[in-house]
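# Per-entry structural report
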Amino acid sequence: MTDDYYEEKVLEEIMNWISRNDFNEPPVFVLHGNAGTGKSAISHTIGKKVKAMRQLGAFFCFDRSFTERTPKRALHTMAYDLATYSKDFG
């Protein structure tokens, strides 16, 4: 099996998880793996798909080359994005 096959399967699994309306499902999907296994590519692909569906509340990606991308900054950015996305949240 190719890396593309596994990436497609993970993308499908995440999109299915997003689409579920089952409150018994975990509220968080953790994407993990070793460096270079495609986590960032998958995350960005999911972000683009969900944004195109107009369902993206917030997206933040940590990157070692950008020192200003700290956990504190992530929370501020996501809170701002969520408030912009949802008047109820704001």
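Before reading on, note that the structure itself is shown above.
Description of the structure in this document. Predicted, not measured: the structure shown is a model, and the values here were computed from it.

### Here we look at the overall build of the chain
Tallying secondary structure elements over the chain gives 3 helices and 0 strands in all. Here the C-alpha coordinates of the chain stretch approximately 45 × 35 × 25 Å along the principal axes. By residue count, 12% of the 90 residues in the chain fall in the buried class. Sequence separation of at least 24 residues holds for 35% of the intrachain contacts in the chain that already meet a minimum separation of 6. Carbon and sulfur atoms make up 54% of the accessible area of the chain, which amounts to about 7600 Å² in all. Taking the average location of the 12 positive side-chain charges in the chain and that of its 12 negative ones, the two points are 8 Å from each other.

### Some thoughts on the layout of surface pockets
The space that makes up the largest pocket amounts to roughly 1100 Å³. In terms of lining residues, the largest pocket is bounded by 29 residues, among which Ile-14, Trp-17, Ile-18, Phe-29 and Ile-46 are the most central. Those elements that place two or more of their residues in the lining of the largest pocket are helix 1 (3–19) and helix 2 (39–52). In terms of residues, the lining of the largest pocket owes the most to one element, helix 2, which gives 7 residues. Tallied by class, residues from the lining of the largest pocket come to 19 nonpolar, 6 polar and 4 charged.

### Comments concerning a negative patch on the surface
Side chains of Asp-3, Asp-4, Glu-8, Glu-12 and Glu-13 sit close together on the surface and give a patch of like negative charge. Along the polypeptide, Glu-13 turns up in helix 1.

Cut-offs and rules
Residues numbered from 1 in each chain as written. Predicted model: local features only at pLDDT ≥ 70, side-chain atom pairs only at ≥ 80, totals over all residues. Heavy atoms only, no water. Helix = DSSP H or I, 4+ residues; strand = E, 2+ residues; numbered from the N terminus. Buried < 20%, exposed > 50% of the residue type's maximum accessible area, 1.4 Å probe, protein only. Contact = heavy atoms within 4.5 Å. Areas by Shrake-Rupley, 256 points an atom, 1.4 Å probe, with all protein chains shown as cover. Lys, Arg positive; Asp, Glu negative; His and termini not counted. Charge placed at Lys NZ, Arg CZ, Asp CG, Glu CD. 1 Å grid on protein atoms, 1.4 Å probe; cavity = no way out; pocket = protein on both sides within 12 Å on 5 of 7 lines; lining within 4 Å. Points joined across faces, edges and corners; volume = space filled by probe spheres on them. Nonpolar A, V, L, I, M, F, W, Y, C, P; charged D, E, K, R; others polar. Patch = residues over 30% accessible without salt bridge, like charges linked within 9 Å, V, L, I, M, F, W, Y side chains within 5 Å. Salt bridge = Lys/Arg side-chain N within 4 Å of Asp/Glu carboxyl O.

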